[in-house]
Amino acid sequence: MSAPDAVVIGSGPNGLAAAIRLAQAGLSVTVLEAKATAGGGMRTAELTLPGFHHDVCSSCHPMGALSPFLSTLPLAQHGLRWVSPAASVAHPLEHRPAAMLYRDLERTAEALGSDAGAYRRLVGPFLKRPEALFADALAPLKWPREPVRLARFGLRAALPAESLARLTFTEPAAQALLAGCAGHSVLPLDQVVSGALGLIFLVAGHAVDWPVVAGGSQALARALVAHLEALGGRVLTNHPVRSMSDLPDARVLMFDTSPQQLADIAAPALPQSFLHRLRRYRYGPGVFKVDWALDGPIPWADPRVLEASTVHVGGTLEEIAAAEAAVWRGEHPEAPYLICVQASAHDPSRAPEGKHTGYAYCHVPPGSERDLTDVVERQMERFAPGFRDLILARRTWNTRQFELHNTNYVGGAVTGGVADWRQLFTRPVTQLDPYATPNPKIFLCSASTPPGGGVHGMCGYYAAESALRQLSRQRAPAPR
């Protein structure tokens, strides 16, 4: 069998997106996956009890539904079905109603009391054509398609999330809603990029109901693989790549891996100076996660919280900011900020009739092996009294276990690396083309390239575009 034109190492959302884009351009493509199934962070398994289907990593996919590339693919023809909740985000608060992020701007704003007008002014300008904002935000550093819109966004989002929340809002609910969204950045809330990412997630909640995938995130991986195969590509599972000798002589080698793995595998084909820069890449905090099999829905003190696919559990702006800052000091907060997903509340196929699944994770120092089960469950119980009484079984993951499960999660970092101002657009190294390497056939397409973490496939799409430009230059006739 002849060697393919392109080989993609890793089958996460970015690897599969890169493979699909290359196949669309007419290249023969093979994806090599070390595990028995494709998917990377898009995996679903019976982690606790038979019949309880848990998403191992990613579960709620607003950026997948909004992705400028994935949204163009006919994935519904391959079985993908998004399940939309009544609300994208709920943020429970003690002794007061939860803050709720609904797709309807007015419904969201009206519940924020005296901050209603300020919330409309912060978010409203980006809701006329939100797809334009996401096309620019989910892209490498370049001249934007709509510079005026992006400049307006930048003026609002230039502040750190903590400052943006305090200067914009006066009441705890709106401040906490922004802080909870900013917590997805895995940054201290006094760092500049945290405000921008918090605002992006708020806008996303008005652009699309943050969906889960019917049957689990593995169904998204299956749909991407099926579409790749329809284009003539193929995926080989149980095929680990440890060195260049494990790879065929293809024209393009696309790595959906961490920079460290790229350096380890491709060391003979890359200069030492570039390898040194790859190995200096910063990955940031990891996560500690608990998956639960539950005897019923999570008993939130405010029942409306069940309407949301994602729940930010952490209390006030001050509490969330303190917890995230502690993690960056190498500490384990006693009252952590949690991201909780209750997929079975919207997709009954995840659990036996009358039963439920759920998970929550918190940020921890990289490489942490501390068991935080009690800490996480106490924080859940604080806002959902009686929660522990519903637990039938649990599965916990510390950072070491996450990295063993997926070697891209270095130190337990599931987002591809630190996304602060020093590394957001200069990942994995500072250069004009963040996907290319000094070897013209080797490219990096993982979440460690712009625009970073999340199931959106845009890192893979832009890496494939970089490879196609390189191939075009190689085919171009020499100037006379």
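As a reminder, the structure under discussion sits directly above these lines.
Residues numbered from 1 in each chain as written. Predicted model: local features only at pLDDT ≥ 70, side-chain atom pairs only at ≥ 80, totals over all residues. Heavy atoms only, no water.

## Let's talk about the state of the cysteines
Note the cut-off: Pairs of cysteine sulfur atoms within 2.5 Å are what we label disulfides. Burial classification: accessible surface area is computed with a 1.4 Å probe over protein chains only, and a residue below 20% of its type maximum counts as buried, one above 50% as exposed, and the rest as partly exposed.
The tally for this structure, following the rule as stated, stands at zero disulfides. No disulfide involves Cys445; its nearest neighbouring cysteine sulfur is the one of Cys459, lying 8.3 Å away. By relative accessible area, which is 0% here, Cys459 ends up buried.

## Remarks on the side chain of Ser67
Keep this limit in mind: The helix count covers DSSP runs of H or I at least four residues long, the strand count covers runs of E at least two residues long, and both are numbered beginning at the N terminus. Here a residue-residue contact requires only that any non-hydrogen atoms of the pair lie within 4.5 Å.
Tracing the backbone through its elements, the reader meets Ser67 in the loop between helix 2 (62-66) and strand 5 (82-83). Apart from the residues within four sequence positions on either side, Ser67 is in contact with His456 and Met458.

## What about the sheet that holds strand 10 (residues 252-255)?
Quick note on the threshold: Paired strands, in this sense, are two strands between which DSSP finds at least two bridges. Under this scheme, a helix contributes an axis fitted over its contacting stretch, all axes are lines through C-alpha atoms, and angles between N-to-C directions fall in the 0 to 180 degree range.
As summarised here, the arrangement of the five strands in space is 9-2-1-10-16, forming an open sheet in which the pairing is parallel. Each edge of the open sheet is held by one strand with a lone partner, namely strand 9 (234-236) and strand 16 (442-444). Within this sheet the neighbouring strands show an average axis-to-axis angle of 20 degrees, counted without direction. Each of strand 1 (6-9), strand 2 (29-32), strand 9 and strand 10 is contacted by helix 1 (residues 13-24), which is oriented at about 170 degrees to strand 2, the strand it contacts most.

## So, the packing of helix 8 (residues 172-182) against helix 13 (residues 317-328)
The angle between the axes and the distance between the axes are what describe a pair of packed helices. Short version of the rule: The scheme is simple: roughly parallel for angles under 35 degrees, roughly antiparallel for over 145, roughly perpendicular for 65 to 115, oblique for anything else.
Two elements in contact, helix 8 and helix 13, have axes separated by 8 Å at closest approach and are oriented at 25 degrees. On the basis of the axis angle, helix 8 is roughly parallel to helix 13. Here Gln175, Ala176, Ala179 and Gly180 of helix 8 come into contact with helix 13, specifically with Leu317, Glu318 and Ile320.

## Focus on the packing of aromatic side chains
Heads up, the condition is: Pairing of aromatic rings covers Phe, Tyr and Trp, the last through its six-membered ring, and needs centres within 6.5 Å; plane angles under 30 degrees mean stacked, over 60 mean edge-to-face, and all others mean tilted.
Under the counting rule described, the total for this entry stands at ten aromatic pairs. Aromatic pair Trp397 and Phe402: ring centres 5.2 Å apart, planes at 25 degrees, arrangement stacked. The same class applies to Trp397 and to Phe402, which are both buried. Here the aromatic rings of Phe402 and Tyr409 are separated by 6.0 Å at their centres, their planes lie at 75 degrees, and the arrangement is edge-to-face. With relative accessibility at 7%, the residue Tyr409 sits in the buried group. Within the aromatic cluster, the residues linked to one another by ring pairs are Phe69, Tyr461 and Tyr462.

## Examining the environment of Pro336
Examined against the element boundaries, Pro336 turns out to sit in the loop between helix 13 and strand 13 (338-341). Expressed as a C-alpha distance, the spacing of Pro336 and Val375, which sit 39 residues apart in the sequence, is 7.8 Å. Sequence-distant contacts of Pro336, defined by excluding residues within four places in its chain, comprise Val313, Gly314, Ala323, Cys362, Val375 and Gln379.

## Some thoughts on the nonpolar core
What counts is decided by this rule: Think of a nonpolar core as a cluster: buried Ala, Val, Leu, Ile, Met, Phe, Trp, Tyr and Cys residues, connected wherever their side-chain atoms sit within 4.5 Å.
In terms of nonpolar packing, the biggest core is built from 106 residues, with Leu22, Tyr119, Leu202, Leu224 and Met254 touching the most fellow members. For Leu202, the contacting residues outside a window of four places in its chain are Leu101, Tyr119, Leu122, Val123, Leu177, Leu178 and Cys181.

## Points about the pairing of strand 14 (residues 356-364)
Counted residue by residue, strand 14 has nine buried out of nine residues, so it is predominantly covered. Of the strand pairs in this sheet, strand 13 and strand 14 are connected by four bridges, and their pairing is antiparallel. Of the residues in strand 14, the one forming a bridge with Cys340 is Ala360.

## Considerations on the pattern of salt bridges
Rule in force here: Only one rule defines a salt bridge in this text: a Lys or Arg side-chain nitrogen within 4 Å of an Asp or Glu carboxyl oxygen.
Scanning the entire structure with this criterion turns up 25 salt bridges. Among the salt bridges present, the one from Arg400 reaches Glu369, with a minimum N-O distance of 3.5 Å. Of the two residues, Arg400 sits in helix 15 (residues 399-405) while Glu369 sits in the loop between strand 14 and helix 14 (373-383), which places them 31 residues apart along the sequence. Given a relative accessible area of 55%, Glu369 falls into the exposed group. Several salt bridges share partner residues, and in doing so they unite Glu334, Asp374, Glu377, Arg378, Arg388 and Arg394 into one network.

## Some details on the sheet that holds strand 6 (residues 87-93)
Pairing is mixed across the open sheet formed by seven strands, whose spatial order is 7-6-12-13-14-11-15. Two strands close off the open sheet at either side, each with one partner strand: strand 7 (96-101) and strand 15 (391-397). Along the sheet, successive strands turn relative to each other by an average axial angle of 20 degrees, direction set aside. Bridge count between strand 11 (residues 286-294) and strand 15: six bridges; the pairing is antiparallel. Bridge assignment links Asp291 to a residue of strand 15, and that residue is Arg395.

## Notes on the packing of helix 7 (residues 161-168) against helix 13
Remark: helix 7 packs on helix 13, axes separated minimally by 11 Å, with the N-to-C direction vectors making an angle of 170 degrees. Classified by the angle between their axes, helix 7 and helix 13 sit roughly antiparallel to one another. Facing helix 7, whose interface residues are Glu162, Ala165 and Arg166, helix 13 presents Leu317, Glu318 and Ala321.

## Notes on the pairing of strand 13
Burial along strand 13 is two-sided: Leu338 and Cys340 facing one way and Ile339 and Val341 facing the other are all buried. In this structure, strand 12 (residues 308-313) lies alongside strand 13, joined through four bridges in antiparallel fashion. The residue bridging Thr310 from the neighbouring strand is Val341, located in strand 13.

## What about helix 12 (residues 272-279)?
Which entries qualify depends on this criterion: Here, the arc refers to the directions that run from the helix axis to the C-beta atoms.
Within helix 12, burial applies to Phe274, Leu275 and Leu278. Down the axis, helix 12 shows its buried residues gathered within 100 degrees of arc, on one side only. Away from its buried face, by an angle of more than 90 degrees, helix 12 presents the exposed residues Gln272 and Ser273. Here the buried face of helix 12 lies against helix 11 (259-265).

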